[in-house]
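Each chain, written out:
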Amino acid sequence: MDSTNNLSTPQPTGNAVIWAIDPVHSRIRFDARYLLLSAVSGWFNDFEGTVVAGPDNFNDSRIRLAIYTSSVNTGNEERDKHLRSADFFDAIHHPVIGFHSTSVVQSGPELQVTGLISIRDIQREQYFTATWLGTLPDPMGNQKAGFTLDLVLNRKDFNISWNQAFDRSGILLSDEIHLHADLQLLRLSSNPA
């Protein structure tokens, strides 16, 4: 969806504060069950995102995230090529996993986030809880905010249905994908009233 992939830095209005994901200090990881016995983990090396929030908290903030599918990395070159292929992410035709929030409600450190996620041009509403770990200046005086979140996606909801059956009832990969993100945001600017 076009609006998800447009990550030009938004202009703050009123007392809004702009935050951007610091990719050096952030990680987006996923796990899938292999043979339904053990988890195989991977991560994305290339992603970006912005959060437009109020001056004092993240209630009612606007979140945009783009994850670049060609950057998938599981530590195995052949598996990574397969994940980039049309069987999975189809990175040539669908280079971006996009997300933008439609509602963010903060209660203490917990943020209840609702938004639209787009994978392979299939858009679904997604709900998850993010935990705000705090806001601090780094050693260079930059203001940083930390978040962690977990969610579960069914890959078949996004037309990622490749699998392999064996031994009558066994399957190679689980449908459920567990996503975990540790995100550090860098405060870019604000527009005081």
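Figured I'd write up the structure that's included with this text. (Residues numbered from 1 in each chain as written. Predicted model: local features only at pLDDT ≥ 70, side-chain atom pairs only at ≥ 80, totals over all residues. Heavy atoms only, no water.)

## Section: the layout of surface pockets
No. 1: By volume, the largest pocket amounts to about 920 Å³.
No. 2: In terms of lining residues, the largest pocket is bounded by 49 residues, among which Phe 30, Phe 44, Leu 153, Ile 177 and Leu 179 are the most central.
No. 3: Take the lining of the largest pocket: its biggest share by element is seven residues, from strand β13 (residues 173-190).
No. 4: Each residue belonging to the lining of the largest pocket can be placed in one class, and the counts come to 37 nonpolar, nine polar and three charged. (1 Å grid on protein atoms, 1.4 Å probe; cavity = no way out; pocket = protein on both sides within 12 Å on 5 of 7 lines; lining within 4 Å. Points joined across faces, edges and corners; volume = space filled by probe spheres on them. Helix = DSSP H or I, 4+ residues; strand = E, 2+ residues; numbered from the N terminus. Nonpolar A, V, L, I, M, F, W, Y, C, P; charged D, E, K, R; others polar.)

## Looking at unusual backbone geometry
No. 1: Even without being a glycine, Asp 60 presents a positive backbone phi close to 65 degrees.
No. 2: Inspection of the secondary structure puts Asp 60 in the loop between β4 (47-53) and β5 (62-68).
No. 3: Positive phi, normally seen in glycine, also occurs at Asp 121, with a value near 65 degrees.
No. 4: Residue position: Asp 121 is located in the loop between β8 (110-119) and β9 (122-137).

## Here's the deal with the packing of aromatic side chains
No. 1: Applying the stated criterion across every chain yields a total of seven aromatic pairs.
No. 2: Seen from their ring centres, Phe 44 and Phe 89 are 5.7 Å apart, and the 65 degrees between their planes marks the pair as edge-to-face. Taken as a pair, Phe 44 in strand β3 (residues 38-44) and Phe 89 in the loop between α2 (77-84) and β7 (96-107) lie far apart in primary sequence, 45 residues in all.
No. 3: Residue Phe 44 is classed as buried on the basis of its relative accessible area of 5%.
No. 4: You can call Phe 89 buried: its relative accessible area is 13%.
No. 5: Centroid distance Phe 99 to Phe 128: 5.7 Å. Interplanar angle 55 degrees. Geometry classified as tilted. Of this pair, Phe 99 sits in strand β7 while Phe 128 is found in strand β9, placing the two residues 29 residues apart along the sequence. Both residues of the pair, Phe 99 and Phe 128, count as buried.
No. 6: Linked through ring pairs, Trp 19, Phe 58, Trp 132 and Phe 147 together constitute an aromatic cluster. (Phe/Tyr/Trp six-rings, centres within 6.5 Å; stacked < 30°, edge-to-face > 60°. Buried < 20%, exposed > 50% of the residue type's maximum accessible area, 1.4 Å probe, protein only.)

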